[in-house]
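Chain residues, written in single-letter form:
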Amino acid sequence: MPTDVFAVLANPVRRRLLERLREGPCSASELAGMFELGRPAVSEHLAVLRAAGLVREEPRGRHRFYHLQADRLAEVGEWLHPFEQYWRQRLEALADLLDEEDDT
């Protein structure tokens with residue numbers, strides 16, 4: 001059974017980990033240093049991200065480096081796409097209304 005990407009992304013710590021990994025691979029120690037959580041708690045979040053297919057782990061000696069795997073995020077993007085169009089239309093309608101009020 002695949003992990004629900006939406007449930008995984010609901011956690012703010014996991015989202016911050018993914019945001020950091022957008023910049024490039026990072027060691028578990030460096031990632032843990034971003035939070036006021038213990039390293040075991042951050043490791044658990046990384047395990048959830050790994051199980052969801054959002055990150056991959058690369059052992060390098062005694063350290064583990066994590067890499068973003070954004071393919072699974074496409075599922076989220078596809079789901080959000082209609083909402084993006086909705087809000088774009090709403091903002092355009094608001095801009096039109098404000099332009100009309102400026103003209104009066």
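- Going by what an unreviewed UniProt entry lists, the protein chain is known as Helix-turn-helix transcriptional regulator and is assigned to Streptomyces adustus.

Digging into helix α5 (residues 73-103)
Here's step 1: An ideal rise of 1.5 Å per residue puts 45 Å on 31 residues; α5 measures up with 43 Å between its terminal C-alpha atoms.
Here's step 2: The largest bend in α5 is about 40 degrees, located at L80, with the proline P82 one to four residues further on.

Quick notes on the side chain of R14
Here's step 1: Within the secondary structure layout, R14 lies in helix α2 (residues 12-21).
Here's step 2: Buried R14, no salt bridge; nearest opposite-charge side chain is E44, N-O distance 7.5 Å.
Here's step 3: There is a polar contact of 3.2 Å between the side chain of R14 and the side chain of H45.

Side note on the pattern of salt bridges
In a structure, side chains of opposite charge can pair up when their charged atoms sit close to one another.
Here's step 1: By the definition in use, this model includes six salt bridges.
Here's step 2: Between R60 and E58 there is a salt bridge, and its shortest N-O distance comes to 3.2 Å.
Here's step 3: Taking relative accessible area as the criterion, R60 reaches 38% and is therefore assigned partly exposed.
Here's step 4: By relative accessible area, E58 is classed as partly exposed at 25%.
Here's step 5: A salt bridge links R72 to E75, with the shortest nitrogen-to-oxygen separation between them at 3.4 Å.
Here's step 6: If you follow the salt bridges from partner to partner, you end up with R50, E57 and R64 in one network.

Focus on the packing of aromatic side chains
Here's step 1: Across all of its chains, the model carries three aromatic pairs by this definition.
Here's step 2: Relative to F83, the ring of W79 lies with its centre 4.9 Å away and its plane at 40 degrees, an arrangement referred to as tilted. Remark: F83 and W79 occur in helix α5; sequence separation between them is four residues, near one turn of the helix.
Here's step 3: Looking at W79, the relative accessible area reads 48%, which means it is partly exposed.
Here's step 4: According to the relative accessible area criterion, F83 is partly exposed, its value standing at 40%.
Here's step 5: Considering the side-chain rings of Y86 and W87, the 5.1 Å spacing of their centres and the 80 degrees angle between planes classify their relative orientation as edge-to-face.
Here's step 6: Judged by relative accessible area, which is 52%, W87 ranks as exposed.
Here's step 7: Among the aromatic residues, those joined into a cluster by ring pairs are F6, W79 and F83.

Some words on the pairing of strand β2 (residues 55-60)
Here's step 1: Bridging between β2 and strand β3 (residues 63-68) involves six bridges; their strand directions are antiparallel. Bridged to V55 within β3 is L68.
Here's step 2: Hairpin connection, β2 to β3: the antiparallel pair is bridged by two residues, and G61 has positive phi, about 65 degrees.

What counts, and at which threshold
Residues numbered from 1 in each chain as written. Predicted model: local features only at pLDDT ≥ 70, side-chain atom pairs only at ≥ 80, totals over all residues. Heavy atoms only, no water. Helix = DSSP H or I, 4+ residues; strand = E, 2+ residues; numbered from the N terminus. Expected span 1.5 Å × (residues − 1). Bend = angle between axes of the 7 residues up to and from the residue. Buried < 20%, exposed > 50% of the residue type's maximum accessible area, 1.4 Å probe, protein only. Lys, Arg positive; Asp, Glu negative; His and termini not counted. Salt bridge = Lys/Arg side-chain N within 4 Å of Asp/Glu carboxyl O. Polar contact = N/O pair within 3.5 Å; in protein donor to acceptor, adjacent residues only side chain to side chain. Phe/Tyr/Trp six-rings, centres within 6.5 Å; stacked < 30°, edge-to-face > 60°. Pairing = 2+ DSSP bridges.

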